[in-house]
Structure formats: C-alpha cells, structure tokens
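Take a look at the letters that make up each chain.
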Amino acid sequence: TFLGKKNGMSWQTYVDANLVGSRNMEKAAIIGLDGSTWSTSANFTVSTEEGLELATVMSRTEKGEKAGDNNVTVAGVKYYIVELTPNAIYGKKGGTGICVAKAKQVMAVGVYGESNNPASCNMTVEGLKDYLESCGY
C-alpha cells in the first residue's frame, strides 16, 4: 500500500517507506523530469545533471533515437544499461544495479545491492511509478 494523497503527500515518505522500506533496494530517490531532486534516501545524492540525463535517455528512446553510450551515471556510479524502454532504465554494475521508472512528472529510482533481488527492486520502483502516475505525477 502506498502512503499519502495526491495533495499534501510527503515525498520523503515514499522514498523511506515504499522504496527503501520495502527492503528491495538499498538506496532510492524521486527525481523530477527536469533533474531536480524531490526526495532521496540517506547518503544518496543524484545531481541535476544526472537526473536530466536519465530523463533524456528515456526521451530519446521514446523518439526512436539512440540512447547514447549504453551507460548512465547516478550518484557518481556508472551503470551499464541492460534494458531501456521509453519509461524505464535497467542498469547493472557488478552485482548491483539500478531501476529508473518514469511517470508524467517524476522518476522513481531504486538502487539494489548484492543481497537484493533485482526483480523485486524493479517491481517496487515500477509500482510506485504507476501509483504516482495515477495521482497525476
């Protein structure tokens, strides 16, 4: 169950309770399509440039253009893109990885560690994205 309402919701609650609190990932963030950080877990800083690049990569894919060099950098870590759709990026770096799911105005970002199940991380991030999108975000 997702917490909050369309108006007056706490973005931090979504990150803490629904993403990281799921125990399906180690770090998480909600990033605006303009690259701005709406909320993030502790010790996880996604720069505006990194956020913009995530949105740009998905936008290029939506337009049928090449995404770039098949990598994305998030919080200073470079991930190899293993799957890319107009609304999602799935990346790996060794035994860790990332899922980024794009809604209308925001992107939900989850980073899983070696002890997490990648599919569970993806489902959790995508689920929050679907919920936020249903609320107009």
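Residues numbered from 1 in each chain as written. Predicted model: local features only at pLDDT ≥ 70, side-chain atom pairs only at ≥ 80, totals over all residues. Heavy atoms only, no water.

Undergrad: Tell me about the overall build of the protein chain, and name the residues and values.
TA: When helices and strands are tallied, the protein chain shows three helices and seven strands. For the protein chain, the N- to C-terminal ordering of α and β elements is α-β-β-α-β-β-β-β-β-α. At 13 Å, the protein chain has a C-alpha radius of gyration in line with the 14 Å of a compact globule built from 137 residues. Dimensions of the protein chain along its principal axes, counting C-alpha atoms only, are 40 × 35 × 25 Å. For the protein chain, the share of sequence-separated contacts (at least 6 apart) that also reach a separation of at least 24 residues comes to 48%. Accessible surface computed for the protein chain: about 6600 Å², of which carbon and sulfur atoms make up 47%. (Helix = DSSP H or I, 4+ residues; strand = E, 2+ residues; numbered from the N terminus. Rg over C-alpha atoms; globule rule 2.2 N^0.38 Å. Contact = heavy atoms within 4.5 Å. Areas by Shrake-Rupley, 256 points an atom, 1.4 Å probe, with all protein chains shown as cover.)

Undergrad: Residues and numbers for unusual backbone geometry, please.
TA: Residues other than glycine seldom take positive phi values, yet Asn-43 does so here, at roughly 60°. Locating Asn-43 in the fold gives a position in the loop between strand 2 (37-40) and helix 2 (48-62). Despite not being glycine, Ala-75 shows a phi value in the positive range, around 55°. Of note, Ala-75 is situated in the loop between strand 3 (71-74) and strand 4 (77-85). On the basis of relative accessibility, which here comes to 27%, the residue Ala-75 falls in the partly exposed class. (Buried < 20%, exposed > 50% of the residue type's maximum accessible area, 1.4 Å probe, protein only.)

Undergrad: Account for helix 1 (residues 11-19), naming residues and giving values.
TA: Taken residue by residue, helix 1 has Trp-11, Tyr-14, Val-15, Asn-18 and Leu-19 as its buried positions. Down the axis of helix 1, the smallest arc covering the buried residues is 115°, so these residues share one side. (Arc of directions from axis to C-beta.)

Undergrad: Which residues make up the pattern of salt bridges, and what are the values?
TA: Taken as a whole and assessed by the stated rule, the structure comprises two salt bridges. Residue Lys-129 is joined to Asp-130 by a salt bridge in which the shortest nitrogen-to-oxygen separation is 2.9 Å. We classify Asp-130 as partly exposed; its relative accessible area is 43%. Between Glu-133 and Lys-129 there is a salt bridge, with its nearest N and O atoms 3.6 Å apart. In this pair, Glu-133 and Lys-129 both sit in helix 3 (residues 118-134), four residues apart, roughly one turn of the helix. By relative accessible area, which is 26% here, Glu-133 ends up partly exposed. We classify Lys-129 as buried; its relative accessible area is 13%. Bridged by salt links that share partners, the residues Lys-129, Asp-130 and Glu-133 form one connected network. (Salt bridge = Lys/Arg side-chain N within 4 Å of Asp/Glu carboxyl O.)

Undergrad: Describe in detail the pairing of strand 1 (residues 27-32), supporting the description with residues and values.
TA: Summarising burial for strand 1: five of the six residues are buried, a large majority. Both strand 1 and strand 2 contribute to a ladder of three bridges, which runs antiparallel. Across the sheet, the residue bridging to Ala-29 is Thr-40, located in strand 2. Between strand 1 and strand 2, which pair antiparallel in sequence order, lie four residues; one of them, Gly-35, sits at a positive phi of approximately 90°. (Pairing = 2+ DSSP bridges.)

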